[in-house]
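# Geometric and topological summary
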Amino acid sequence: MGLLSDPVRRRALARLVLRLNAPLCVLSYVAGIAWFLALAFPPLTQRTYMSENAMGSTMVEEQFAGGERARGFARDFAAHRRKTGALPVAWLERTMRSVGLEVYTQSFSRKLPFPDETRERYMVAGTNVYGILRAPRAASTESLVLTVPCGPDSTNSQAVGLLLALAAHFRGQIYWAKDIIFLVTEQDLLGTEAWLEAYHDTNVTGMQSSPLQGRAGAIQAALALELSSDVVTSLDVAVEGLNGQLPNLDLLNLFQTFCQKGGLLCTLQGKLQPQDWTSVDGPLQGLQTLLLMTLQQASGRPHGAHGLFLRYRVEALTIRGINSFRQYKYDLVAVGKALEGMFRKLNHLLERLHQSFFFYVLPALSRFVSIGLYMPAAGFLLLVLGLKALELWMQLHEAGAGPQEAGGASGPGPPVPPAQSVGLASLVAPLLISQAMGLALYVLPVLGQHVATQHFPVAEAEAVVLTLLAIYAAGLALPHSTHRVMGAQAPDRGWMALKLVALIYLALQLACVALTNFSLGFLLAATMVPAAALTHPCGPRLLYAALLVLTSPAAALLGCLFLWRELQEAPLSLAEGWQLFLAALAQGVLDHHTYGALLFPLLALGLYPCWLLFWNVLFWK
């Protein structure tokens, strides 16, 4: 305390902070990027291990042998679907009853906020079919779910056939201590969301659905199955859920364990696991997988039906069967045995999965990085904002103290008049106008789509995207608007106070986001922090303006799309990237209104207004 109360020592500390601020900021930013890139290298990456004792061994004998029966069910399902043009509800009910399940149906409907041009739907209606296998050895207090989503463009027939064959096999076993729900949903994730809302007696998305006539116990875990063929070469697992949620790591470890036991080739993000972690090639391959997971998680989209289960505290995975040109082929029996083993181990659980990690990143299926090891990467980036805020606070304090108390304290900052007050009232106009622009960006595109279609030859989805871009670009006029409001009352040091508020605002947002969705928080920090630290009304304004535009949230999204396709070894041209960018904008708004994804409101109501504050600082008069 003496260091801060003694004026001489305080002035010495201020001079030290001002002198070393720039090199410390550069060092902190480089350390954050380097730390993130090092996450794929030992010792930061660790081997996965099973924490739940009830699932620590794979000593179960899988007996599933219904491969031919599964293929027969798949052929019949595909034939009835082609005949009816929709999900064959009557056939599914009849087939599920024939294998001994309690069968129920649920109808649902949903009017989207604007047409989904990707899937060509607007007024969506469908029917979910589910059968319950009651546990013979326990009351119906807990349950497991095996679900197959069926969309209008992909029938997923082989997955439905395997689900029915597994139901028939499970019906003949007497060791089940949990109910098992076999769920077939229509309209992809919309059907899954309708069923989950009805099962948990809630409505968070405005879905219109009929109440469920049959229920099992509290859902402990769920597996979503997608198969493109009755012969697969590998099983790819998806873990990223809604708003970046991840399942308990033990469930992923269980999947990998039974794939290894059955000799199945398993992948993550479509990438094979590195075999040699002692050389540089293994970690470099793991870094590609890590970057892909980071981009997928940052999007906030549920990358499979499992992503909606995570919202209800149900640990879930999506397993996709891939049929590629790899040498080894596996039939439905091998896949069915892996699923049987997983369900038998989950049947042993005495409580919900909780002993392993919920916050992690994965460079490979057999390697993980826990929250305690990856958070320093975001911490170093946020430290830059703290250092710049401290520098501005020191400059404002020294300038407001007068020349006698300041004692000639000098630093790399610009000279400021010592006797002029900051004038906090001058900050009200840019703060209110920037937040108003963010509110308009959030509200107007969907509300004004019908007005736009009446006056311009565009469709509803195009009107939403074009309105988004128009409002986003209109924010560039914020400095002119605020200066008209403030007139000549803004003090010379007002930009310093405004930038101090903007730095604190941005740091708080990124810190909160990084705690819940590290990937999103890190990507936003890596792009926005340099421009936020360098923005200054003096100096090369065109250079600073270009840097601000290139690191804005929209530009960051466009860059992430190019990086994502590059890592998938399917690079984009500029025209293709722009079309994908427009589709991503529409999909982000649609996901928010349909499933409750939070990326769009975060960018519109939080980060975009904060970015406008830095834009206003740059053009401060």
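Residues numbered from 1 in each chain as written. Predicted model: local features only at pLDDT ≥ 70, side-chain atom pairs only at ≥ 80, totals over all residues. Heavy atoms only, no water.

Next up on the list: the overall build of the protein. On a plain count of helices and strands, the protein comes out with 22 helices and 12 strands. Relative to the compact-globule value of 25 Å for 621 residues, the protein shows a C-alpha radius of gyration of 28 Å, a close match. Its C-alpha atoms give the protein principal-axis dimensions of roughly 90 × 60 × 45 Å. Scored against the burial criterion, the 621 residues of the protein give a buried share of 54%. Pairs at least 24 apart in sequence give 80% of the contacts found in the protein among residues at least 6 apart. Total accessible area computed for the protein in this model is approximately 25800 Å², and 62% of it derives from carbon and sulfur atoms. Of the charged side chains in the protein, 43 are positive and 40 negative; the average position of the first set lies 3 Å away from that of the second. (Helix = DSSP H or I, 4+ residues; strand = E, 2+ residues; numbered from the N terminus. Rg over C-alpha atoms; globule rule 2.2 N^0.38 Å. Buried < 20%, exposed > 50% of the residue type's maximum accessible area, 1.4 Å probe, protein only. Contact = heavy atoms within 4.5 Å. Areas by Shrake-Rupley, 256 points an atom, 1.4 Å probe, with all protein chains shown as cover. Lys, Arg positive; Asp, Glu negative; His and termini not counted. Charge placed at Lys NZ, Arg CZ, Asp CG, Glu CD.)

Contact geometry for helix α3 (residues 67-84) and helix α4 (residues 89-98): axes closest at 9 Å, N-to-C directions at 155°. Judged by the inter-axis angle, α3 sits roughly antiparallel to α4. In this structure, the crossing between α3 and α4 has a hand that is right-handed. Seen from α3, the contacting residues are Phe73, Asp76, Phe77 and His80; seen from α4, they are Trp91, Leu92, Arg94 and Thr95. (Axes fitted to C-alpha atoms, helices over the stretch in contact; angles between N-to-C directions. Parallel < 35°, antiparallel > 145°, perpendicular 65-115°, else oblique. Left-handed = near helix turned anticlockwise from the far one by under 90°.)

The next subject is the sheet that holds strand β5 (residues 179-186). Taken in spatial order, the nine strands make up an open sheet running β6-β2-β3-β5-β4-β7-β10-β8-β9, and their pairing is mixed. Pairing within the sheet leaves two strands with one partner each, and these edge strands are β6 (208-209) and β9 (266-268). Relative to strand β10 (residues 315-322), strand β8 (residues 234-238) runs antiparallel, the two sharing five bridges. By the bridge assignment, Ser234 is partnered in β10 with Ile322. (Pairing = 2+ DSSP bridges.)

Attention now moves to the packing of aromatic side chains. Two aromatic rings, taken as a pair, are described by how far apart their centres are and by the angle between their planes. Inspection of the entire model under this criterion finds 22 aromatic pairs. Taking the centre distance of 6.1 Å and the plane angle of 20° together, the rings of Tyr472 and Trp611 count as stacked. Within this pair, whereas Tyr472 is found in helix α15 (residues 460-474), its partner Trp611 is found in helix α22 (residues 599-618), the two being separated by 139 residues in sequence. The exposure class assigned to Tyr472 is buried, which follows from its relative accessible area of 18%. Residue class for Trp611 comes out buried when judged on its relative accessible area of 3%. A ring pair is formed by Trp578 and Phe581, whose centres lie 5.3 Å apart and whose planes are at 35°; its orientation type is tilted. (Phe/Tyr/Trp six-rings, centres within 6.5 Å; stacked < 30°, edge-to-face > 60°.)

Looking at where Ile132 falls in the secondary structure, it is placed in strand β3 (residues 121-133). Note on Ile132: relative accessible area 1%, which makes it buried. Sequence spacing of Ile132 and Ser143 is 11 residues, and the spatial spacing of their C-alpha atoms is 9.3 Å. Beyond its immediate chain neighbours, meaning those up to four positions away, Ile132 contacts Leu101, Glu102, Tyr104, Asp179, Ile180, Ile181, Gly214, Arg215 and Ala216.

According to UniProt, the "transmembrane region" (unreviewed entry) feature falls on residues 20-41, 357-385, 422-444, 456-477, 497-530, 542-564 and 598-620. Here residues 357-385 is 52% helix and 31% strand, with 29 Å between the C-alpha atoms at its ends. Secondary structure content for residues 598-620 is 87% helix and 0% strand, and the end C-alpha separation is 32 Å. (UniProt positions renumbered as here; feature names shortened; annotations may be inferred.)

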